[in-house]
Amino acid sequence: YEPSLGPAQYRRTLYAFWRRAIAPTFLFDNAQRRVCEVRSLRTNTPLQALTLLNDETFREASRVLGARALELGGAGARGRLEWLSLVVLSRAPRATEWPVLERALQKALDHYTSAPADAKTLLQSGQAPLPPEALCVETAAYSVVASLLLNLDETLSHE
C-alpha cells in the first residue's frame, strides 16, 4: 500500500488491510476471523518486540514523544522521564524503575553525543518535522527511552 501523507497518515490503522488468512502485522495473537473467540491470548512473542522497536510508526511515535518530553517535561532529566512515564503508562515511575530509566537515558546520551550522525539517522523516520539541530542528540536519547516504555507489556495491554 502507499502510506498516506500529512494528517491523513494517522488514520491508517483504522483502515488496515486485512486479508482472510493474514491479519495486519501490528496485531499479535488476535482473534481469528473464522471462529468465535471469547478473549484474546496474552502476547509474548519476540516478533512483537521486534515490530514495536523497528516499525516506522512506533519509531516516529517514540521520536515525537522524545521531542515533546524536552518541550513539556519540565526541567532536568528526572522531570522529563516522569513526564514520559505519565504520558505512556499513566503513572509515575516506581522506585525500582528510576535507575533503569536513568541508565537507559544516560547510555543513549553518551552514544549519541559521541556519534551525532546516529542521532540524525534515528530521527529520520516518519513525517513529523525534525527537531532543531541543537536538540538532535537529546531528542534521540529521549526517543530511545520512549521506545523502551512503548514496548512494555503494561503499555500494550493495560491489564
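*Asks:* I tried to follow the overall build of the chain on my own but got confused; where do I start?
*Replies:* In terms of regular secondary structure, the chain is built from seven helices and zero strands. Across the 159 residues in the chain, those meeting the buried criterion constitute 31%. The contacts in the chain between residues at least 6 apart in sequence include a share of 55% that link residues at least 24 apart. Counting every atom, the chain has about 10500 Å² of accessible surface; 58% of that belongs to carbon and sulfur.

*Asks:* Could you clarify how one ought to interpret helix 1 (residues 46–54) in this entry?
*Replies:* Each α-helix turn comprises 3.6 residues. Residues three or four places apart therefore point the same way. All buried positions along helix 1 are accounted for by Gln48, Thr51 and Leu52. What you see down the axis of helix 1 is that its buried residues fit within an arc of 95°, all on one side. Exposed residues pointing more than 90 degrees away from the buried face of helix 1 are listed as Pro46, Leu47 and Leu50. Looking at the buried positions of helix 1, the neighbouring elements they touch are helix 2 (56–72), helix 6 (136–150) and helix 7 (153–157).

*Asks:* Looking at this structure, how should I read the packing of aromatic side chains?
*Replies:* The description of two aromatic rings rests on the distance between their centres and on the angle between their planes. Taken as a whole and assessed by the stated rule, the structure comprises zero aromatic pairs. Looking at Arg78, its charged tip hangs above the ring of Trp98, at a distance of 3.9 Å from the centre.

*Asks:* Just checking my understanding: could you explain the pattern of salt bridges for this structure?
*Replies:* Under the definition given, this model contains six salt bridges. The salt bridge partner of Glu97 is Arg94, with a shortest N-O separation of 3.5 Å. Notably, a salt bridge pairs Glu133 with Lys120, separated by 2.5 Å at the nearest N-O pair. Of this pair, Glu133 sits in the loop between helix 5 (116–122) and helix 6 while Lys120 sits in helix 5, and the two are 13 residues apart along the sequence. Taking relative accessible area as the criterion, Lys120 reaches 35% and is therefore assigned partly exposed. Connected through shared salt-bridge partners, Arg91, Arg94, Glu97 and Glu154 make up one network.

*Asks:* Looking at this structure, I do not really get the nonpolar core. What am I missing?
*Replies:* One broad rule of soluble globular proteins: the nonpolar side chains tend to lie buried together. If you look at the biggest cluster of nonpolar residues, it comprises 25 residues, and the most contacted ones within it are Leu65, Leu81, Leu84, Leu105, Tyr142, Val145 and Leu149. Listing elements by their share of this core, those giving two or more residues are helix 2, helix 3 (76–89), helix 4 (98–114) and helix 6. With eight residues, helix 6 is the largest single contributor of residues to this core.

*Asks:* Honestly, helix 2 in this entry has me stumped. Any pointers?
*Replies:* An ideal rise of 1.5 Å per residue puts 24 Å on 17 residues; helix 2 measures up with 24 Å between its terminal C-alpha atoms. Along helix 2, the residues classified as buried are Glu60, Ser62, Arg63, Leu65, Gly66, Ala69 and Leu70. Where helix 2 is buried, its residues contact helix 3 and helix 6. Two to three positions downstream of the cap, the backbone nitrogen of Thr57 sits 3.1 Å from a side-chain oxygen, assigning the N-cap of helix 2 to Asp55.

*Asks:* Honestly, unusual backbone geometry in this entry has me stumped. Any pointers?
*Replies:* Unusually for a residue other than glycine, Ser90 sits at a positive phi of about 65°. With respect to the helices and strands, the residue Ser90 is situated in the loop between helix 3 and helix 4.

*Asks:* I would appreciate a short explanation of the side chain of Arg91 in the present structure.
*Replies:* Mapped onto the elements, Arg91 comes out in the loop between helix 3 and helix 4. Dropping the residues within four chain positions of it, Arg91 is found in contact with Ser85, Leu86, Glu97 and Glu154.

Rules and cut-offs
Residues numbered from 1 in each chain as written. Predicted model: local features only at pLDDT ≥ 70, side-chain atom pairs only at ≥ 80, totals over all residues. Heavy atoms only, no water. Helix = DSSP H or I, 4+ residues; strand = E, 2+ residues; numbered from the N terminus. Buried < 20%, exposed > 50% of the residue type's maximum accessible area, 1.4 Å probe, protein only. Contact = heavy atoms within 4.5 Å. Areas by Shrake-Rupley, 256 points an atom, 1.4 Å probe, with all protein chains shown as cover. Arc of directions from axis to C-beta. Phe/Tyr/Trp six-rings, centres within 6.5 Å; stacked < 30°, edge-to-face > 60°. Lys NZ or Arg CZ within 6 Å of the ring centre and 35° of its normal. Salt bridge = Lys/Arg side-chain N within 4 Å of Asp/Glu carboxyl O. Core = buried A, V, L, I, M, F, W, Y, C linked by side-chain atoms within 4.5 Å. Expected span 1.5 Å × (residues − 1). Polar contact = N/O pair within 3.5 Å; in protein donor to acceptor, adjacent residues only side chain to side chain.

Honestly, that's just the spatial picture; any functional story needs more than this.
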